[in-house]
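# Geometric and topological summary
Okay, here's what each chain looks like letter by letter:
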Amino acid sequence: MKYIFVIVTLTGLMLQTFGKGLVLAEYLLNKEYIARVLCINKAKPEKGCNGQCHLMKQMEKETKQEEKGNAVKDKYEVIIIQADFPLPFTPSTGGIKLFAAYNGGMAQDPLHAVFHPPRA
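Together, F5, V6, L10 and L13 make up an exposed nonpolar region whose accessible area comes to about 400 Å². You can see L13 is positioned in helix 1 (residues 2–17).

In structure tokens:
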């Protein structure tokens, strides 16, 4: 179930991200059909439109849809809740010694030691 949710979410994000590319790919794949049937200027072949008017309409529609989607994404709401009930947290008293980078000003290694690389 989790994998199906991930696949559907990623597919939705990809379709939203590459929306204009998909419109262009659809135009390139169906160029003849668009020029014959969907073109506004099919009665005026001297313009040489070849369905680009339909492509521009689809691109404008995709741009408006992206702008409408971006308006929703730009709104953020922060809610801060104060918990009036005690949280069930009990600190453990385990004897784990943690390494601290600060050593209190005490030198642990002699300063006069010189690093020698290993011999081959």
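What follows continues from the structure just given.
What follows deals with the state of the cysteines. In total, this model carries zero disulfides according to the counting rule given. The thiol sulfur of C49 is not disulfide-bonded, and the nearest other cysteine sulfur, from C53, lies at 3.3 Å.

Now for the nonpolar core. Across soluble globular proteins, nonpolar side chains show a tendency to be buried alongside one another. With five residues, the main nonpolar core is built from V23, Y27, I34, L55 and M59. Excluding residues within four positions of it along the chain, M59 makes contact with K20, V23 and L24.

With 70% of its residues at a pLDDT of at least 70, the chain reaches an overall mean of 76. Put simply, helix 4 (residues 52–73) is where the chain has its lowest mean pLDDT, 79, and helix 2 (residues 19–29) is where it has its highest, 86.

Of note in the backbone geometry, N50 takes a positive phi value of approximately 55° without being a glycine. Given a relative accessible area of 46%, N50 falls into the partly exposed group.

Tracing the sequence through the fold places V23 in helix 2. Residues V23 and L55 lie 32 residues apart in sequence; the distance between their C-alpha atoms is 7.6 Å. Once residues within four sequence positions are removed from consideration, V23 is found in contact with L55, Q58, M59 and E62.

Cut-offs used in this document
- Residues numbered from 1 in each chain as written.
- Predicted model: local features only at pLDDT ≥ 70, side-chain atom pairs only at ≥ 80, totals over all residues.
- Heavy atoms only, no water.
- Patch = residues over 30% accessible without salt bridge, like charges linked within 9 Å, V, L, I, M, F, W, Y side chains within 5 Å.
- Areas by Shrake-Rupley, 256 points an atom, 1.4 Å probe, with all protein chains shown as cover.
- Salt bridge = Lys/Arg side-chain N within 4 Å of Asp/Glu carboxyl O.
- Helix = DSSP H or I, 4+ residues; strand = E, 2+ residues; numbered from the N terminus.
- Disulfide = S-S within 2.5 Å.
- Core = buried A, V, L, I, M, F, W, Y, C linked by side-chain atoms within 4.5 Å.
- Buried < 20%, exposed > 50% of the residue type's maximum accessible area, 1.4 Å probe, protein only.
- Contact = heavy atoms within 4.5 Å.
- pLDDT = per-residue confidence, 0-100.

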